[in-house]
Amino acid sequence: MLKVLAACGNGMGSSMVVKMKVEMALRKMGVSDFKTDSCSIAEAKGMASQYDVVIASKHLISELQGRTQGHLVGLDNLMDDKEISEKLSEVLHV
Amino acid sequence: MNLKQALLDNQSVCLGLSATTWEEAVKLAVLPLIASQAVEEQYYDAIIESTNEYGPYYILMPGMAMPHARPEAGVNKDAFSLITLKEPVTFSDGKEVSVLIALAATSSKIHTSVAIPQIIALLELENSIARLLACQSAQDVYDLIDESKDSPYLEGLNLEE
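Since the structure is predicted, the reported quantities are computational estimates derived from the model, not experimental observations.

A. A look at the pattern of salt bridges. Scanning all chains against the criterion turns up 11 salt bridges over all chains. For the salt bridge of D37 of chain A with K35 of chain A, the shortest nitrogen-to-oxygen distance reads 2.8 Å. Overall, K35 of chain A belongs to the partly exposed group, its relative accessible area being 37%. The salt bridge involving K87 of chain A is made with E83 of chain A; its shortest N-O contact spans 2.8 Å. Highlighted residues: K87 of chain A and E83 of chain A, both in helix 4 (residues 81-92), separated by 4 residues, approximately one helical turn. Counted as one network, the salt bridges with shared partners bring together K21 and D81 of chain A together with E124 of chain B.

In structure tokens:
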């Protein structure tokens, strides 16, 4: 199962948007066995190691360097399906 | 929490406002929620502090920001505001924003999930930012929200909750 964590500054706004966008992108990419969660960046620091991919705004993703063996994905536009799909494809090799 | 209902309950649609800085714009977005008592004044301070620490991570797309902070920073009830600016403000990362949807949530639990998909659905409308900026009344905004109700992001959700 692919595990993806979406993080934002506070865990209940933009991270939920990213989480939903990621779910939509994964389904369109043909990935069906996945689990997505969202949280704040502070929480992500303690949880990142449990996920294959951690995805957040470019502003935040550097806070998680070294916290996970998984992939870190930084987004410029949190609503851009193309950016999200391309960056997920790069790390998932789909 | 339903987006349109939250905007109605808090009388929190304010259009064609003016601000010269991003801090001023965030203040304008939070003011209706302070007025409706959905949030305390310190909620604005928490957003500014968070932005200064992390950058404006809540700029969701070009032209649009969704400022928010932690529930313990003074949130009394789940609420949203939607404001538009006559002229864009520039955030600390250089991005310009003319539409702000301030979010106040009492927790990250599932009951906030209807409004977030509704915001995505609204912003997915063709030319959504330009159309929001063209709104002359709160009803125009409500009409756009209604127009987005068939979005795939709303599939299976009970929009009345």
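Now that the structure is up, let's keep going.
B. Inspection of the interface of chain A and chain B at higher detail. Contact residues are listed per partner, giving 24 residues for chain A and 30 residues for chain B. At the surface where chain A touches chain B, the tally comes to 2 salt bridges. For the pair chain A and chain B, the number of links is 10 residue pairs in polar contact (both at pLDDT 80 or more). The greatest single-element share of the side of chain A that touches chain B, amounting to 6 residues, is contributed by helix 1 (residues 14-28) of chain A.

C. Main features of a negative patch on the surface. Together, E40, E41, D45, E49 and E53 of chain B make up a negatively charged patch on the protein surface. Position of E49 of chain B among the secondary structure elements: in helix 3 (residues 42-54).

D. Just helix 4 (residues 115-124) of chain B, in detail. Judged by how many residues are buried, helix 4 of chain B sits mostly within the fold: 9 of 10 residues are covered. Those residues of helix 4 of chain B not exposed but buried are A115, I116, P117, Q118, I119, I120, A121, L122 and L123 of chain B.

E. Region of interest: the side chain of S57 of chain A. With respect to the secondary-structure elements, S57 of chain A resides in strand 3 (residues 53-57). What makes S57 of chain A buried here is its relative accessible area of 6%. Side-chain polar atoms of S57 of chain A contact the backbone nitrogen of H59 of chain A, separated by 3.0 Å. Excluding anything up to four places from it in sequence, S57 of chain A contacts A7, G74, L75 and L78 of chain A together with Y57 of chain B.

F. Quick look at the environment of V73 of chain A. Within the fold, V73 of chain A resides in strand 4 (residues 71-75). In sequence terms V73 of chain A and E90 of chain A are 17 residues apart; their C-alpha atoms lie 9.6 Å from each other.

G. Structural context of helix 4 of chain A. Residues and elements named next belong to chain A. Over its 12 residues, helix 4 runs 16 Å from end to end, which matches the ideal 16 Å to within 8%, given 1.5 Å per residue. Within helix 4 the residues assigned to the buried category are E83, I84, L88 and V91. What you see down the axis of helix 4 is that its buried residues fit within an arc of 120°, all on one side. Away from its buried face, by an angle of more than 90 degrees, helix 4 presents the exposed residues K82 and E90. Measuring from the side-chain oxygen of the N-cap residue of helix 4 to the backbone nitrogen of K82 gives 3.0 Å; that N-cap residue is D80.

H. Geometry of the sheet that holds strand 5 (residues 96-104) of chain B. Residues and elements named next belong to chain B. Here we have 5 strands laid out as an open sheet, ordered 1-4-5-3-2, and mixed in their pairing. Two strands lie at the open edges of the sheet, namely strand 1 (13-17) and strand 2 (59-61), each paired on one side alone. Neighbouring strand axes in the sheet, compared pairwise and without regard to direction, differ in orientation by 20° on average. Of the strand pairs in this sheet, strand 4 (residues 79-90) and strand 5 are connected by 8 bridges, and their pairing is antiparallel. Bridge assignment links T84 to a residue of strand 5, and that residue is V99. Where helix 6 (residues 138-147) meets the sheet, its contacts fall on strand 1 and strand 4, and the angle it forms with strand 1 comes to roughly 115°.

I. Examining the packing of aromatic side chains more closely. All names here are of chain B. For the structure on display, the rule yields 4 aromatic pairs over all chains. Summarising the aromatic geometry, the rings of Y57 and Y58 are spaced 5.2 Å apart at their centres and angled 75° between planes, so their arrangement reads as edge-to-face. Here Y57 and Y58 have matching classes, each one buried. By way of ring pairs, the aromatic residues W22, Y54, Y57, Y58 and F91 are connected into one cluster. The ring of Y44 carries K27 above its face, with NZ or CZ at 4.5 Å from the centroid.

Procedures and definitions
- Residues numbered from 1 in each chain as written.
- Chains lettered and ligands numbered in written order.
- Predicted model: local features only at pLDDT ≥ 70, side-chain atom pairs only at ≥ 80, totals over all residues.
- Heavy atoms only, no water.
- Salt bridge = Lys/Arg side-chain N within 4 Å of Asp/Glu carboxyl O.
- Buried < 20%, exposed > 50% of the residue type's maximum accessible area, 1.4 Å probe, protein only.
- Helix = DSSP H or I, 4+ residues; strand = E, 2+ residues; numbered from the N terminus.
- Contact = heavy atoms within 4.5 Å.
- Polar contact = N/O pair within 3.5 Å; in protein donor to acceptor, adjacent residues only side chain to side chain.
- Patch = residues over 30% accessible without salt bridge, like charges linked within 9 Å, V, L, I, M, F, W, Y side chains within 5 Å.
- Areas by Shrake-Rupley, 256 points an atom, 1.4 Å probe, with all protein chains shown as cover.
- Lys, Arg positive; Asp, Glu negative; His and termini not counted.
- Charge placed at Lys NZ, Arg CZ, Asp CG, Glu CD.
- Expected span 1.5 Å × (residues − 1).
- Arc of directions from axis to C-beta.
- Pairing = 2+ DSSP bridges.
- Axes fitted to C-alpha atoms, helices over the stretch in contact; angles between N-to-C directions.
- Phe/Tyr/Trp six-rings, centres within 6.5 Å; stacked < 30°, edge-to-face > 60°.
- Lys NZ or Arg CZ within 6 Å of the ring centre and 35° of its normal.

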